[in-house]
Amino acid sequence: MNVAVAKTGKGRAVSDLFTSAEGRLPGSPAVTAVRREAFETYERLGLPHRRIEEWKYTDLRALVGEVLPLAASPDAAALKRAADAVKVHAIDGARKLVLVDGVFAADLSDVKALVAEAGFKTLREALDKDAGLLQTASLDAVIALNAAMATDGVVLSIADGAKLSAPIQIIHIATAGSVSAFTRSQIVIGKGARATIVETFVAADAKAYQVNDAVLVSVGDDADVAHIRLMDDAPDAVNITSHFVTIGANVKYNFFNMTTGAAVSRLQGFITLAGEGSELSANGVNLLQKTEHGDTTLVVDHAVPNCVSREIFRAVIDDRGHSVFQGRIIVRPDAQKTDGKMMTRALLLSDEAEADNKPELEIFADDVSCGHGATAGALDDNLLFYLKARGLPEKQAQALLIQAFVGEAIEQIADEPLREHVIGIAERWLERRS
Amino acid sequence: MALLEVKDLKVRVEEREILHGLTLTVNEGEVHAIMGPNGSGKSTLSHVIAGKPGYEVTDGQILFKGEDLLEMEPNERAAKGVFLAFQYPVEIPGVATMNFLRTALNAQRKARGEDEYSTPDFLKKVREVSKSLNIPQDMLKRGVNVGFSGGEKKRNEVLQMALFEPSLCILDEMDSGLDIDALRIAADGVNALRSPGRAMVVITHYQRLLNYIVPDVVHVMSKGRVVKSGGKDLALELEASGYAQFEDAA
Ligand SMILES: Nc1ncnc2c1ncn2[C@@H]1O[C@H](COP(=O)(O)OP(=O)(O)O)[C@@H](O)[C@H]1O
Ligand SMILES: [Mg+2]
C-alpha cells in the first residue's frame, strides 16, 4: 500500500503522505517550513488514541487506522457532480463558497456578490503572505496534520460595522473516494458587524473519503454572529474538524452544529471569550445510526469576567451508533461573574446505542454561576402510545417525538428559513432510518 | 348493527387477571355508560380496546364492525374509527398541538386511502371546533397538553374526537377533575357529536356526568366483569344505593 500509517514512539515512519503531496501544497518557502514542522509534530504524535485523555472516547487509531492520500484536484467531471450537489444543498439567497475535494471552486461560488460586502481570498492566495494562517493556539495531532496538509480554504474578512445582507454558505463537497481533503479557513468579523456563516459538508457520489477541516474565527467587539455547521458527509466518510474561535466584548455568538453523516466524526471547538459582556450560545445535535460514531467536543474558555455561555446538546442514537459529548468550561481566575451552563440529553433508540457524556468544569474564580446537567433515556412509551392511538404509525410517532427532542437545540437558531433548512436535514435523517 | 362486540374478554396485567370474562355489545347510534368503583377494570377495558401495550388478552375477543380489533395496531384501530379520550392525557413537550392534530388527522386519512386535508380546510375545521369548545387559538400553538389545566386537557381530547370523527368514542372518566362549567362545555361538545352512525361508551365513577350525557344503556362493572345492565334509571339507582351490592354479586 502506498499510504503510510503514522507511527508513534519507536516507529520512525517516513511518510509519503506528506512527501508525495508537498509539491501541490501552496505557500512560500516560509510556509513550507511551517508545514514540515507541523508534519513532524503529527508524525511524532500519530493519530490520537484512547490513552490521550481528550480522545479517550474517539480512538482514531481504532476507528480510522490510517490517513488516506491527498485528493487530486477535481477535474471537469468532478466539478459537474459538485455543481449538481450545490443545487441540492445551497441555502436560498446565501452567498456560496464551494470547496471541492479541498480545492476552492470559483465557478461554483458567488465571489462577485460576496466581495461587494466582504473581503475574500482563498487560503491558497492568502498563504503567499501569511504563514500565520497555519498556526493555532492549541495543537494536537489532527490539527498539526491539517496545518501540514491544508490545500485550500476560504479567508473572509467582514469589515467593522458591516451588516451582511445574506448568509455566507461554505459548502464542502467530496467527489472522490478513498482520499483525504484538508481544508483550513479563516473568518475575521469586524467590530459591530453582523454576519451569518453556514458550513455544509456533503458528498457528491463519493465514498469512504476523509475530511480534516480547521476554521479560525475571530469576532470583534459588539458583533452579532450566527455560525452554523451542518455535517452531512457520506455514511462511510470520516470528518475531523477543529474550530478556534476568539470572541471580543459585548458580542453575541450563536453557534450550532449538526452531525447527520460520516462513519466517524469529531467536531472539536475551542472557544475563548476574550472580551467582557459577551453571550455565547453553543448548541449541537448528533443524529447517528448504523455504527456511526459522532463526537462533539467543546472547550469554552471564559478568560474575562461577565460573560454568559449556554450549551444545549442533543444526541439521537439508533442501531449501534455511538455519540460523544465532551463539554469543558474553563473559568480563569479573573473571570468573575461568569455564567456558564451546559445541558446534554441523549435519546437512545436501540439497546445497543451508546452515549458518552463528559462534562468538565474548571473554575478558578469564586464568584461564578456554572453548572451542567445530563440525561439519557429511551422514547417514552406512554407518549408513543398516545400518538399511535391518534393514528400515527410507529415510525411516524417516533419521528415526531425525535423532532421534538432535537427541537430544543434547533430552536436556538434564530433565523427561521435557516431553522427550516436544518429541520429539513434532520427529517431526511429520520427518513433514512430503517 | 353491532359496532363493538366484546366477548368473554379475559385480560392479565403482570400475571394478574384484571378482566375475568367481560361481555359487552354496543350498537351504532347508542350511548353506553359503564359505571363501577375504582379498580373494577374500566380503564383496563378502554386501554385494551385502544391497543395499549402491556395487557395480555388470554381469552375472548373484541370485534369492531365485525373485524378482529386485537389483531390491529393502535394506529390501525384509530384509522378504523376507534377513539379513546384518555383519563390522563399525556403532555408532549415540543410537539405543537396544531402540528400534532394535522399529522394525526392526515395519518388516519392516508390509512383509509383518503386525500390529506389541505391547509386552509384543516385550519377552518380546527377553528370551528375549537371555538365551540371554548379552546383559545394560542393553546393550539403550545406543546400537546403542555401547561394545560385538567379541564383544558379534557377539552383537547374532545377537540380531537370532533376532528377525527370516529365511529366509536370511549370517554374514560371525562368528568374527573372538572368543575361544573368545564364539565358542561365538554359534555356539550360530546353531545354535539352524537349521531346515528356513531356510538359512545362513557366510563364514569359518578352519576353526575350522566346528567349531561344521557346514556341509552348503563352497565355496572365490578371486579373485572359487567354485573348488571339496564336503562338510564340504573345510574340513578346506583347513586342512591352505591356499588356495595354489586361487589357482593361479583
Ligand atoms: N399497569 C398496571 N399494572 C398493574 N396493575 C394494574 C395496572 N393497570 C391496572 N392495574 C390494576 O388493575 C385493576 C383495575 O384497574 P383500572 O382498570 O385502572 O380500574 P378502574 O379504571 O376501573 O379504576 C386495579 O386493581 C389496578 O391496580
Ligand atoms: Mg380508570
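Residues numbered from 1 in each chain as written. Chains lettered and ligands numbered in written order. Predicted model: local features only at pLDDT ≥ 70, side-chain atom pairs only at ≥ 80, totals over all residues. Heavy atoms only, no water.

- As named in an unreviewed UniProt entry, chain B is Fe-S cluster assembly ATPase SufC, taken from Bradyrhizobium frederickii.
- Turning to chain B, the UniProt annotation filed under Function (unreviewed entry) states: "Involved in beta-(1-->2)glucan export. Transmembrane domains (TMD) form a pore in the inner membrane and the ATP-binding domain (NBD) is responsible for energy generation." (UniProt positions renumbered as here; feature names shortened; annotations may be inferred.)

- Per an unreviewed UniProt entry, the recorded name for chain A is Fe-S cluster assembly protein SufD, and the organism is Bradyrhizobium frederickii.
- Comment text from UniProt for chain A, heading Sequence similarities (unreviewed entry), reads "Belongs to the iron-sulfur cluster assembly SufBD family."

Re the interface of chain A and chain B
- If you look at the interface, chain A gives 15 residues, while chain B gives 30 residues.
- Around 1,800 Å² of area is buried between chain A and chain B when both sides are counted, 72% of it from carbon and sulfur atoms.
- If you sort the residues of chain A by the area they bury against chain B, Phe385, Tyr386 and Arg390 of chain A come out on top, with a joint share of 43%.
- Remark: the boundary between chain A and chain B carries one salt bridge. (Contact = heavy atoms within 4.5 Å. Buried area = accessible area lost by both parts, 1.4 Å probe. Salt bridge = Lys/Arg side-chain N within 4 Å of Asp/Glu carboxyl O.)

Observations regarding the coordination of the magnesium ion (ligand 2)
All names here are of chain B.
- Taken together, Ser43 (OG) and Gln87 (OE1) make up the protein donors of the magnesium ion (ligand 2), found 2.1 to 2.5 Å from the metal. Taken together, the residues span a long stretch of sequence, with Ser43 in helix α1 (residues 42-50) and Gln87 in the loop between β6 (82-85) and β7 (92-96) at a distance of 44 residues.
- Relative accessible area serves as the criterion here: at 22%, Ser43 is assigned to the partly exposed category. (Donors = N, O, S within 2.8 Å, 3.2 Å for Na, K, Ca; no water. Helix = DSSP H or I, 4+ residues; strand = E, 2+ residues; numbered from the N terminus. Buried < 20%, exposed > 50% of the residue type's maximum accessible area, 1.4 Å probe, protein only.)

Thoughts on the UniProt feature "domain: SUF system FeS cluster assembly SufBD core" (unreviewed entry) in chain A
- The UniProt record marks residues 174-405 of chain A with the feature "domain: SUF system FeS cluster assembly SufBD core" (unreviewed entry), using the residue numbering of this structure.
- The distance separating the terminal C-alpha atoms of residues 174-405 of chain A is 30 Å; by composition the span is 9% helix and 59% strand.

Some words on the UniProt feature "domain: SUF system FeS cluster assembly SufBD N-terminal" (unreviewed entry) in chain A
- UniProt tags residues 28-170 of chain A as "domain: SUF system FeS cluster assembly SufBD N-terminal" (unreviewed entry).
- Here residues 28-170 of chain A runs as 37% helix and 14% strand, with 26 Å between its end C-alpha atoms.

Looking at the packing of aromatic side chains
- Scanning all chains against the criterion turns up nine aromatic pairs over all chains.
- Chaining the aromatic ring pairs together yields one cluster made of Phe385 and Tyr386 of chain A together with Phe86 and Phe100 of chain B.
- The aromatic ring of Phe405 of chain A is capped on one face by Arg314 of chain A, whose charged end is 5.7 Å from the ring centroid.
- The aromatic ring of Tyr386 of chain A is capped on one face by Arg390 of chain A, whose charged end is 4.9 Å from the ring centroid. (Phe/Tyr/Trp six-rings, centres within 6.5 Å; stacked < 30°, edge-to-face > 60°. Lys NZ or Arg CZ within 6 Å of the ring centre and 35° of its normal.)

A look at the packing of helix α8 (residues 381-389) of chain A against helix α9 (residues 394-410) of chain A
Residue and element names in this part refer to chain A.
- With their axes 9 Å apart at the nearest point, α8 and α9 run at an angle of 125 degrees to one another. It follows from the interaxial angle that α8 and α9 lie oblique. Relative to α9, the crossing made by α8 is right-handed. Here α8 contributes Leu383, Leu384, Leu387 and Lys388 to the contact with α9, which in turn contributes Glu394, Ala397, Gln398, Leu400 and Leu401. (Axes fitted to C-alpha atoms, helices over the stretch in contact; angles between N-to-C directions. Parallel < 35°, antiparallel > 145°, perpendicular 65-115°, else oblique. Left-handed = near helix turned anticlockwise from the far one by under 90°.)

Observations regarding the sheet that holds strand β14 (residues 293-302) of chain A
All names here are of chain A.
- With respect to topology, nine strands assemble into an open sheet ordered β3-β4-β6-β8-β10-β12-β14-β16-β18, the strand pairing being mixed. In the strand order of this sheet, the two ends are held by β3 (119-122) and β18 (354-363), each with one partner. Along the sheet, successive strands turn relative to each other by an average axial angle of 10 degrees, direction set aside.
- Pairing between strand β4 (residues 154-158) and strand β6 (residues 180-189): four bridges, direction parallel. Of the residues in β6, the one forming a bridge with Ile158 is Ile189. (Pairing = 2+ DSSP bridges.)

Some words on α1 of chain B
- With eight of nine residues buried, α1 of chain B is to be regarded as a mostly interior element.
- Burial in α1 of chain B covers these residues: Lys42, Thr44, Leu45, Ser46, His47, Val48, Ile49 and Ala50 of chain B.

With respect to a negative patch on the surface
All names here are of chain A.
- Among the surface-exposed residues, Asp415, Glu416, Glu420, Glu427 and Glu431 lie close enough to one another that they form a single negatively charged patch.
- For Glu420, the location among the structural elements is in helix α10 (residues 416-432).
- Among the residues examined, Glu420 registers a relative accessible area of 42% and is labelled partly exposed. (Patch = residues over 30% accessible without salt bridge, like charges linked within 9 Å, V, L, I, M, F, W, Y side chains within 5 Å. Areas by Shrake-Rupley, 256 points an atom, 1.4 Å probe, with all protein chains shown as cover. Lys, Arg positive; Asp, Glu negative; His and termini not counted. Charge placed at Lys NZ, Arg CZ, Asp CG, Glu CD.)

Section: the sheet that holds strand β12 (residues 225-230) of chain B
All names here are of chain B.
- In spatial order, the strands read β6-β9-β10-β3-β11-β12; together these six strands make up an open sheet with mixed pairing. Edge positions in the sheet fall to β6 and β12, since each has one partner strand and no second. Here the average twist between neighbouring strands, direction ignored, is 20 degrees.
- As defined by bridge partners, strand β9 (residues 168-172) adjoins strand β10 (residues 199-204) across five bridges and the pair is classed as parallel. Paired with Asp172 across the strands is Ile203, a residue of β10.

Focus: the site of ligand 1
All names here are of chain B.
- The local shell around ligand 1 consists of Val13, Glu14, Arg16, Ile18, Pro37, Asn38, Gly39, Ser40, Gly41, Lys42, Ser43 and Thr44.
- Contact between ligand 1 and Arg16: an oxygen atom at 2.9 Å from a side-chain N or O atom of the residue.
- In this structure, an oxygen atom belonging to ligand 1 sits 2.8 Å away from a main-chain N or O atom of Ser43.
- For ligand 1, the accessible surface in isolation is 560 Å², of which the surrounding protein chains cover 65%. (Near = heavy atom within 4 Å. Polar contact = N/O pair within 3.5 Å; in protein donor to acceptor, adjacent residues only side chain to side chain.)

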